[in-house]
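Structural characterization, general
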Amino acid sequence: MEAHSSDATIAMGSRVVEPSVSNALPHFAPLAIFPLVVCAAVYGGWWLAGPLVFFTLADRFDRLFGLEERNMDPATTHESQLFLYKLSLWLWGVFWPVTFVFSLWQVLVSGHLALWEVGCMAAILTLVGQTVFIVGHELVHRRVLWERRLGEFLLASSSYPHYATEHVYIHHPRVCTPLDPGSAPKGVGFWQYLLPEIRNNLLGAWRFELRRLRRRHLPPWHHTNAFWRYTVQIVFWYGLLVWWGGPWALLIYLILCGSVVFSMKVSNYVQHYGLRRIRMPTGRYEPVKPRHAWSAAYKFTNWLYYNMQRHADHHTSNRRYPLLQHHGEEVSPQLPGSYIQMNSLAMFPKRWFETIHPLLDRQRAQFYPEIDDWSAYDSRAFAERPDAFDAITEIHASAPRLAEWINRSPALLDRLRDREFTDLELPDGIGPDPEFEAIARCGLARLYWTHELDLPEMKAQLDDIHVQDAGEAVEAALEWSNGKVFQIAVHVMRGSLSIAEAGTTLSRVAQASIATVLAAVEEDFADRGRPRASGGVAVVVPGLLTNGEAMPGEVLDVRFVYEGGPAKYHEALCRRFRKALRALSRNNLLLAPLPRGALDEFHSFDAFAENLRNPGSGAELLALARARCAFVSGDAAVGERVEQALRDALGQEAARELLLAELRDAGERGVEPDLTSIAGMRGGLGDIERAALYLHVTPNGHAPELPEYDAGAAFRAASRRGLIAEGDAERLAAAAGLWRNLDGSLRLIAADEFAPDTATSTVKAAIAEACGLDDFDTLPATIRDTASRTAAHIDALCT
């Protein structure tokens, strides 16, 4: 019998309540609503107030009757002693269909109610429907077949019979895990939760039935598919409504059912909000315990809703509602009010979070003191990719930037299963010791990403993706690029790639995706049948993006330079290039979003060369020093002429004088050296890049070779030419490396608003390691010392 289970024990420390007529009678109180509803449907007017008052006064009755923390003992209670308790539920199966049909007849057919009275009746039936839903929920859990079928029929009156499958077979075994859409993670508001929960209820129930039939080698249309029953029940109710009142009746009924479902979804949201079962090392989740549902002990609400507030015990047993145990705060988190009050609060997310989050944090600290960081459990990535929990936990602990990425796009985690990634992840135990294994993993990753996966190979991978037009090429390149950026970032997080190696590889990713997209645009443009123009278009990308030092958040600064004619042909092609590149920059992990009006620079070659002769600032010169022709449409000689013009511009004496003037003016800046100011502080990244370029521009006016430029190499080359001492060159090169590694680690690992005081020790250790330090706490002093020494070297260089 259901009342007897081998492990059924009364909650520890609770007082016992015996099954009796007097204790059962309060559960008949909800049945008093039926005569009130009938009178309201027949007479309208003030009679409508009766049912409304009945429900709206529940909160006051809770305060009047107080709490009920006593429990009935399941071990000593026989099934026969529960007859009256069960009868209070069964009577709903008799009274509700009759009352519901009668009320609908009065509303839709008799025509004696005014429009406002019809609205009130709809509200009344919605309120009663909430209890009907709860009764149906209780019945579908029973072992007796006719009770389960009665529960389905009651649920069907609210257009939700599939709940009988989804709730029992999906919600209960998966509760408080990401596999259960009914268990809302922390930080998800009710309005975010509602529609996915309704959708997943239906889809989950259907998929479960398909799996069940498949296990029995039966087709989906077999008569044992529960959806046949659900369809018949739904057709009965909808057919009755349409027969009586036509389309308007159907609309009213849909609104009524939607309101009932809405109210129950609020309750589902509250019952498990933020509670999580921890994932064990075996990959399974801990067993369901009373700590995995919110409890309340308000007496009247439990009478009205058949002990629904004892939800914690409902999930740990299959007891009938009178046997459900109230668990105190030592084993189950307690709500500060009744379910009715909390349901109302949940519809206002800000107020709900302010109320419930402190209680949730207390619950976690009480039951899981060993867990300090719950961000992985609360993440969207875990909700959508629960099988990747180990990777999600690692990322949340080590790389906030990557955590933002996977929570924005959980599909990125699938890239960690790609063969080119998994083949580089050597299993534990493959070497004689962990240090050997770490070195082997780093060696494999570096060999693949810096040598085997070169730019031609990346372009070949993109060419293997079949697309039919430029729009599809943008989508394919964006997905491919984001996957590669994420894989590279994970390797950096795990120490398999250095910041410098990541910058080189990310630059190749940018070049490959840009070139592939522009080639597709060129093909589309040519396919329009226009005669080809003479000359061509060079797409010039200044800055770090294509120079081997790219990092996430790079701004896509592009100059379109054309030569030949007609000019209108080239300008039309450039506009298409611009549109495609703007699309490529949206939701791109490597590229910053482009502002309106970006990429509007179309130049003839002569105008471009003239602009180069008059650079506006040292920053512009730095960008030009790293500029590359990422793509050439038409005559390849146009690209060669553009790169020659770039070299000529850097070889001018005017460029050298401009850089020298800015280096001298840098001494007037008063930016305090710290983590957030490395670009603008005296002796920081900006100054050292200008100094390197100043030395890179040869005194005799010969144009420097663009492919050779980077700050460290420029200092060492200047030392070989006798411009600075070898020791100074090495110190400046080391400073350039420090600034680049620090900037790269902040952009690749840390979050946008990085704050050392709140950062985890793992994140700080990763940043310190990227900068060649053993302890993050020494980084501020290192920054100050390096900036001071660099500023002194630059001052000496300018004299």
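So, here is what we can say about the structure in this document. (Residues numbered from 1 in each chain as written. Predicted model: local features only at pLDDT ≥ 70, side-chain atom pairs only at ≥ 80, totals over all residues. Heavy atoms only, no water.)

1. Some remarks on the overall build of the protein chain
The condition is simple: In DSSP terms, a helix is any run of H or I states spanning at least four residues, a strand is any run of E spanning at least two, and both are numbered starting from the N terminus. Values of the radius of gyration come from C-alpha atoms, whereas the globule rule sets the reference at 2.2 Å times the count of residues to the power 0.38. Per-residue accessibility, obtained with a 1.4 Å probe over protein chains only, is compared with the maximum for each type, and a residue is labelled buried under 20%, exposed over 50%, and partly exposed between these values. Note on contacts: a residue pair is in contact if any heavy atoms of the two residues lie within 4.5 Å. Computed by Shrake-Rupley with a 1.4 Å probe, the accessible areas treat only the displayed protein chains as cover when residues are assessed.
Along the backbone of the protein chain there are 33 helices and 4 strands. Over its C-alpha atoms the protein chain spans a radius of gyration of 35 Å, topping by over 25% the 28 Å that the globule rule assigns to 799 residues. The proportion of buried residues among the 799 residues of the protein chain is 54%. The contacts in the protein chain between residues at least 6 apart in sequence include a share of 73% that link residues at least 24 apart. Just so you have it, the protein chain exposes about 35200 Å², and 57% of that area is on carbon and sulfur atoms.

2. Some details on empty space enclosed by the protein
So the rule is basically this: For each structure, a 1 Å grid was placed over the protein atoms alone; sets of points admitting a 1.4 Å probe that cannot get out are labelled cavities, open sets with protein on both sides within 12 Å along at least five of seven lines are labelled pockets, and lining residues have an atom within 4 Å of a point. Grid points are joined across faces, edges and corners, and a volume is the space filled by probe spheres set on the points. Under this grouping Gly is polar, as are all residues other than the nonpolar Ala, Val, Leu, Ile, Met, Phe, Trp, Tyr, Cys and Pro and the charged Asp, Glu, Lys and Arg.
What the rule picks out here adds up to 5 cavities of 30 Å³ or more. In this structure, the largest cavity encloses a volume near 170 Å³. Along the walls of the largest cavity sit 17 residues, with Ile134, His137, Gln271, Met308 and His311 positioned nearest its centre. Of the residues in the lining of the largest cavity, the class split is 8 nonpolar, 7 polar and 2 charged. Estimates place the volume of the second largest cavity at around 90 Å³. Lining the second largest cavity are 13 residues, with Arg532, Tyr569, Leu573, Ser633 and Gly634 sitting closest to its centre. When contributions to the lining of the second largest cavity are tallied by element, the ones reaching two or more residues are helix H23 (499–526), strand E1 (536–541), helix H24 (567–585) and strand E4 (628–634). Its residues placed into classes, the lining of the second largest cavity shows 6 nonpolar, 5 polar and 2 charged.

3. Details of the packing of helix H31 (residues 726–748) against helix H33 (residues 779–798)
Cut-off, in case you're wondering: To get an axis, fit a line to the C-alpha atoms, keeping to the stretch in contact for a helix; angles then go from 0 to 180 degrees between the N-to-C directions. The scheme is simple: roughly parallel for angles under 35 degrees, roughly antiparallel for over 145, roughly perpendicular for 65 to 115, oblique for anything else. Take the far helix as your reference; a near helix turned counterclockwise from it by less than a right angle gives a left-handed crossing, and one turned clockwise gives a right-handed crossing.
Relative orientation of the contacting elements H31 and H33 amounts to 135 degrees, with a least axis distance of 10 Å. Classified by the angle their axes make, H31 and H33 are oblique. Along this stretch, H31 crosses H33, giving a crossing that reads as left-handed. Of the residues in H33, those in contact with Asp728, Arg731, Leu732, Ala735, Leu738, Trp739 and Leu742 of H31 are Leu779, Thr782, Ile783, Thr786, Ala787, Thr790 and His793. Classifying every residue of the contact of H31 with H33 gives 8 nonpolar, 4 polar and 2 charged.

4. Considering helix H25 (residues 605–612)
The condition is simple: By arc we mean the arc of the directions from the helix axis to the C-beta atoms, nothing more.
Residues of H25 that are buried: Phe605, Phe608, Ala609 and Leu612. An end-on view of H25 places all buried positions within 95 degrees of arc, on one side of the element.

5. Here we look at the environment of Lys579
Inspection of the secondary structure assignment puts Lys579 in helix H24. Expressed as a C-alpha distance, the spacing of Lys579 and Leu658, which sit 79 residues apart in the sequence, is 34 Å.

6. Thoughts on the layout of surface pockets
Put simply, the largest pocket is a space of about 730 Å³. Around the largest pocket, the lining comprises 29 residues; the ones closest to its centre are Pro178, Pro181, Pro196, Asn200 and Ala383. Contributions of two or more residues to the lining of the largest pocket are made by helix H8 (163–174), helix H9 (190–215) and helix H16 (380–384). Among the elements that line the lining of the largest pocket, the one with the most residues is H9, at 10 residues. The class makeup of the residues in the lining of the largest pocket is 11 nonpolar, 7 polar and 11 charged.

7. Overview of helix H3 (residues 49–56)
By the burial criterion, the buried members of H3 are Pro51, Phe54 and Phe55. The arc that holds every buried residue of H3, seen down its axis, measures 85 degrees, which confines them to one face. Lining the buried residues of H3 we find helix H2 (33–43), helix H4 (58–65), helix H6 (115–140) and helix H11 (299–304).

8. A word on a nonpolar patch on the surface
Quick reminder of the rule: Candidate patch residues must exceed 30% relative accessible area and have no salt bridge, after which like charges are joined if within 9 Å and Val, Leu, Ile, Met, Phe, Trp or Tyr side chains if within 5 Å. Salt bridges are defined by distance alone: a side-chain nitrogen of Lys or Arg within 4 Å of a carboxyl oxygen of Asp or Glu.
Judged by side-chain polarity, Trp248, Leu251 and Ile255 come together as a nonpolar surface patch covering roughly 370 Å² of accessible area. Examined against the element boundaries, Trp248 turns out to sit in helix H10 (residues 226–272). Trp248 gets classed as exposed once you look at its relative accessible area, which sits at 65%.

9. Some details on the side chain of Asp378
To be explicit about the condition: Polar contacts, as used here, are pairs of N or O atoms within 3.5 Å; protein pairs need one atom able to donate a hydrogen and one able to accept it. Residues neighboring in sequence count only if both atoms are side-chain atoms.
Positionally, Asp378 belongs in helix H15 (residues 375–378). Taking the relative accessible area as the measure of exposure, Asp378 reaches 19% and is therefore buried. A distance of 2.6 Å separates the side chain of Asp378 from the side chain of Arg364, its partner in a polar contact. Contacts of Asp378, omitting those with residues within four sequence positions, involve Pro185, Lys186 and Arg364.

10. Some details on the nonpolar core
This is how the line gets drawn: Throughout, nonpolar core names a set of buried Ala, Val, Leu, Ile, Met, Phe, Trp, Tyr and Cys residues whose side chains join them through atoms within 4.5 Å.
Counting 131 residues, the largest nonpolar core has Leu413, Phe486, Phe715 and Trp739 as its most contacted members. Filtering out sequence-adjacent residues up to four positions away, Trp739 remains in contact with Ile678, Met681, Gly683, Gly684, Leu685, Ile688, Ile783, Thr786 and Ala787. Counting 90 residues, the second-largest nonpolar core is a separate cluster that includes Ala24, Val37, Phe300 and Leu323.

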